[in-house]
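Chain by chain, the residues run as shown.
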Amino acid sequence: MAAVNIRYARAFADVVFDLKLNGGEMLQQVNALESLLDSSLELRRVWENPAVTGEQKHRILDALAARLELSKPVRNFAAVLIDHHRIGQLKEIARLFERELNQRMGLQEAEVTSARDLGDDERRALEQQIERLTGKKVRARYGVDRALLGGAVVKLGSTVYDGSVRGQLHKMKEALSSEL
């Protein structure tokens, strides 16, 4: 199923690049639709129900697209997902779409978790270090986990760089226990 979802994500990324649309705006709109769908069990039931006609589903989509101010490409993308019974996978498809956009734009996603809120200067310095490491422009998301005690953990795709105090203490514990 994931392979199919990748195809939908890539196809929509093709549309975004072919039409020279703002990828960030398209992603925000897809995420807004996904958030609405995630929060509304009734909407999911209607869009996934084979007894509801495609025309009825499209009317609901059009009303929501107007309310959310979705662009025509995002509205049409959602209609394709509805018509092909894939709207239930919108969360994964949105994530894959974001990854595809980032790859095509030469961006590296980074998840940074620190023991405290980082200031703007600290964030810029960290992002510059990540850019030097990856050779790509960085789009970072920040979170706080006070259990880290100090430092930060940076996740780049499946690679994790643990510079936290908790991580260092864990490494020391493992080293000491392996020497016994």
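Residues numbered from 1 in each chain as written. Predicted model: local features only at pLDDT ≥ 70, side-chain atom pairs only at ≥ 80, totals over all residues. Heavy atoms only, no water.

Draft legend 1. Quick look at the overall build of the protein chain. Looking only at helices and strands, one finds 8 helices and 4 strands in the protein chain. Start at the N end of the protein chain and walk to the C end: the helices and strands fall as α-α-α-α-α-α-β-α-β-β-β-α. For the protein chain, the C-alpha radius of gyration of 21 Å lies well beyond 16 Å, the compact-globule estimate for 180 residues. Considering the protein chain as a whole, with its 180 residues, one finds that 34% of them fall into the buried category. Considering only contacts in the protein chain between residues 6 or more positions apart, those separated by 24 or more positions represent 63%. In the form shown here, the protein chain has an accessible surface area of approximately 11,200 Å², with 52% of it arising from carbon and sulfur atoms. Positive and negative side-chain charges of the protein chain, numbering 28 and 26 respectively, have mean locations separated by a distance of 2 Å. (Helix = DSSP H or I, 4+ residues; strand = E, 2+ residues; numbered from the N terminus. Rg over C-alpha atoms; globule rule 2.2 N^0.38 Å. Buried < 20%, exposed > 50% of the residue type's maximum accessible area, 1.4 Å probe, protein only. Contact = heavy atoms within 4.5 Å. Areas by Shrake-Rupley, 256 points an atom, 1.4 Å probe, with all protein chains shown as cover. Lys, Arg positive; Asp, Glu negative; His and termini not counted. Charge placed at Lys NZ, Arg CZ, Asp CG, Glu CD.)

Draft legend 2. Structural detail: the nonpolar core. Counting residues in each nonpolar core, the largest one holds 30 residues, and the members touching the most others are F12, W47, F77, L90 and F97. Where this core is concerned, the elements lending two or more residues are helix 1 (2–18), helix 2 (23–39), helix 3 (41–48), helix 4 (54–68), helix 5 (72–83) and helix 6 (90–104). Look past the residues within four positions of W47 in its chain and what remains in contact with it is L33, L37, K57, I60, L61, L64, I82 and I87. Counting residues in hydrophobic clusters, the runner-up holds 9 residues, among them L118, V138, V154 and L156. (Core = buried A, V, L, I, M, F, W, Y, C linked by side-chain atoms within 4.5 Å.)

Draft legend 3. Region of the structure containing the pairing of strand 1 (residues 107–114). For strand 1, the buried fraction is high: 6 of the 8 residues fall into the buried class. Here strand 1 runs beside strand 2 (residues 137–144); their pairing, made up of 8 bridges, is parallel. Directly across from S114, in strand 2, lies its bridge partner V144. Taken together, strand 1, helix 7 (residues 120–134) and strand 2 form a β-α-β motif whose crossover is right-handed. Relative to strand 3 (residues 152–156), strand 1 is paired through 4 bridges, and the arrangement is antiparallel. When the sheet's bridge partners are listed, V112 is paired in strand 3 with V154. (Pairing = 2+ DSSP bridges. Right-handed = clockwise from strand over helix to strand, strands pointing away.)

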